[in-house]
Amino acid sequence: MKTFTRILVLLAGIAMICLGIWFVAHPGISLLSFTLFIGTLMLMLGIFQIIQYFSNRGGQQVSGWILAEGILSVLLGITLLADQLEGTVTLVLVFGMWVLFAGIMRTIGAFDAKNEGVGGWGWLLTLGILGIILGFISLFNPIVGAIGIVILVGTFFIVQGINCIALFFFVGKLK
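Since the model is a prediction, treat every value here as computed from it, not as a measurement.

Enquirer: Got a minute to help me understand the environment of G70 in this structure?
Expert: With respect to the helices and strands, G70 occurs in helix α3 (residues 64-82). Through-space distance from the C-alpha of G70 to that of M44 is 9.3 Å; in sequence the pair is 26 residues apart. G70 has contacts with G46, Q49 and I50, leaving out every residue within four places of it along the chain.

Right, here's the structure in full:
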């Protein structure tokens, strides 16, 4: 990796750590900003999926699920962007449902792993049950869900920043 690229990776890492810390330190504005970002992303994704469905429909077999997902993504994007406060509440509820669903799927996976004789299935079961509990808490107490989103995204930026800084130092030692 060239020196200029390494420096950019280092600067990106520092910026991500700062952004992660800022995200956790300012949860209200961070959540509103995140809602705007996710709303824009969902709207663009939905439009691309709808275009993909109609542009590929004539030449090959395309699933109607792509169109359905595109329409749902556009609707969610519009919902998140139309009113930022309502969009944030929607995002928190979707987050709660996602955590609940992931916990249910992890719990089912744990029992499948147990039936297959896979070791460590108990940890998977524990994580699944915790996910179910946290999902219900997020759904019935949106403030907890909002805090969960802020901590999750802030932590992600911090971890990615540390990863970039480690990459800067690791790649430098390869020469």
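Enquirer: Even after reading the chapter, I still don't get the nonpolar core, so can you show me in this structure?
Expert: Proteins that are soluble and globular tend to have nonpolar side chains buried together. Within the largest apolar cluster, 14 residues are counted, with the highest numbers of intra-cluster contacts made by L31, F34, I38, L91 and I149. Every element with two or more residues in this core is listed here: α2 (27-56), α4 (84-115) and α6 (142-173). Setting aside its immediate chain neighbours within four residues, I149 contacts L31, F34, L91, V92 and F95.

Enquirer: I would appreciate a short explanation of the state of the cysteines in the present structure.
Expert: Here is the idea: a disulfide is a covalent bond, and it sits between the sulfur atoms of two cysteines. The tally for this structure, following the rule as stated, stands at zero disulfides. Summary of cysteine pairing: C18 is not part of a disulfide, and the nearest cysteine sulfur, belonging to C164, is at 13 Å. On the basis of relative accessible area, C164 is assigned to the buried category, the value being 16%.

Enquirer: Please clarify how the packing of aromatic side chains should be interpreted in this entry.
Expert: What describes a pair of aromatic rings is the distance from one ring centre to the other and the angle between the planes of the rings. This model, assessed by the stated rule, comprises seven aromatic pairs. An angle of 50° between the planes, with centres 6.4 Å apart, marks the rings of F23 and F157 as tilted. Here F157 lies in helix α6 and F23 lies in helix α1 (residues 3-25), a separation of 134 residues in the sequence. Assessed through its relative accessible area of 6%, F23 is described here as buried. Look at F168 and F169: their rings are 5.0 Å apart centre to centre, the planes differ by 80°, and that puts the pair in the edge-to-face class. Ring-pair connections join several aromatic residues into one group, and the members of that group are F23, F34, F156 and F157. The side chain of R6 reaches across the aromatic face of F168, ending 4.3 Å from its centre.

Enquirer: Please clarify how the packing of α2 against α3 should be interpreted in this entry.
Expert: Each packed pair of helices is defined by two parameters, the angle between the axes and the distance between the axes. At a minimum axis distance of 7 Å, the contact between α2 and α3 shows a crossing angle of 155°. Classified by the angle their axes make, α2 and α3 are roughly antiparallel. Here α2 and α3 pass one another in a crossing that is left-handed. Broken down by class, the residue content of the contact of α2 with α3 amounts to 17 nonpolar, 10 polar and one charged.

Enquirer: Is there a simple way to explain the side chain of S138 in this structure?
Expert: Assignment of secondary structure puts S138 in helix α5 (residues 121-140). Assessed through its relative accessible area of 5%, S138 is described here as buried. Residues in contact with S138, not counting those within four places in the same chain, are F95, G96 and G145.

Each value, and the rule that gives it
Residues numbered from 1 in each chain as written. Predicted model: local features only at pLDDT ≥ 70, side-chain atom pairs only at ≥ 80, totals over all residues. Heavy atoms only, no water. Helix = DSSP H or I, 4+ residues; strand = E, 2+ residues; numbered from the N terminus. Contact = heavy atoms within 4.5 Å. Core = buried A, V, L, I, M, F, W, Y, C linked by side-chain atoms within 4.5 Å. Buried < 20%, exposed > 50% of the residue type's maximum accessible area, 1.4 Å probe, protein only. Disulfide = S-S within 2.5 Å. Phe/Tyr/Trp six-rings, centres within 6.5 Å; stacked < 30°, edge-to-face > 60°. Lys NZ or Arg CZ within 6 Å of the ring centre and 35° of its normal. Axes fitted to C-alpha atoms, helices over the stretch in contact; angles between N-to-C directions. Parallel < 35°, antiparallel > 145°, perpendicular 65-115°, else oblique. Left-handed = near helix turned anticlockwise from the far one by under 90°. Nonpolar A, V, L, I, M, F, W, Y, C, P; charged D, E, K, R; others polar.

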